[in-house]
Amino acid sequence: MSLRDRLQSALKDAMRAKEADRLSTLRLINAAIKDREIANRGDGGEGLVSDADILQIMGKMVKQRHESARAYEEGGRLELAEKELAEIGVIQEFLPRQMSEAEVEAAIADAVAETGAASIRDCGKVMAALKGRYTGQMDFGAVGALVKGRLG
């Protein structure tokens, strides 16, 4: 079952169960996917997004909600922070398991060996290999610094 089908099934289940918060979050995910499809059509593409694209969209949504929750906590708006954290929980149900630090280090070592990277200039090749294989499983912002540290 594709990720899009799982999202649609969860949306229907949330409607039947009258879970308003979950339904709202699932609709936000679908809206983000539709936005990406529309943007792809505007760029001359066929408009469909792959599961990897959906994982990327949802990863970005999680990151945005973490930032919002932190801002709400700093501003003393704990009820809004809790809402953001609840949305993160719903989104993460559809994301693959996040890799541990040891698994990330091993993946970086494999990607460096596979691409033959020797200097900091090869960082892009390593990141491309990692993104192709581990989309949604690691934070590429943090991984970029690890790759640079290993190559630099």
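Attention here is on the structure that accompanies the text.

Moving on, we come to the overall build of the protein chain. Each helix and strand in the protein chain was counted, giving 7 helices and 0 strands. Starting at the N terminus, the α and β elements of the protein chain follow one another as α-α-α-α-α-α-α. Projected onto the principal axes, the alpha-carbon positions of the protein chain cover approximately 55 × 45 × 30 Å. Counting across all 152 residues of the protein chain, residues that qualify as buried make up 34%. Considering only contacts within the protein chain whose residues lie at least 6 apart along the sequence, 56% involve residues at least 24 apart. Split by element, the accessible area of the protein chain, about 9200 Å² in all, is 51% carbon and sulfur. Across the protein chain, the 23 positively charged side chains and the 25 negatively charged ones have centroids separated by 4 Å.

Now for the nonpolar core. The biggest cluster of nonpolar side chains holds 21 residues, and the ones touching the most others in it are L7, L26, I29 and M58. Every element with two or more residues in this core is listed here: α1 (3-17), α2 (20-42), α3 (51-74) and α4 (78-92). Among the elements that take part in this core, α3 stands out by supplying 6 residues, more than any other. Setting aside its immediate chain neighbours within four residues, L26 contacts L7, A10, L11, A14, V90 and F94. In terms of nonpolar packing, the next biggest core, distinct from the first, is built from 18 residues, V112, C123, Y134 and L151 among them.

Conventions we followed
- Residues numbered from 1 in each chain as written.
- Predicted model: local features only at pLDDT ≥ 70, side-chain atom pairs only at ≥ 80, totals over all residues.
- Heavy atoms only, no water.
- Helix = DSSP H or I, 4+ residues; strand = E, 2+ residues; numbered from the N terminus.
- Buried < 20%, exposed > 50% of the residue type's maximum accessible area, 1.4 Å probe, protein only.
- Contact = heavy atoms within 4.5 Å.
- Areas by Shrake-Rupley, 256 points an atom, 1.4 Å probe, with all protein chains shown as cover.
- Lys, Arg positive; Asp, Glu negative; His and termini not counted.
- Charge placed at Lys NZ, Arg CZ, Asp CG, Glu CD.
- Core = buried A, V, L, I, M, F, W, Y, C linked by side-chain atoms within 4.5 Å.

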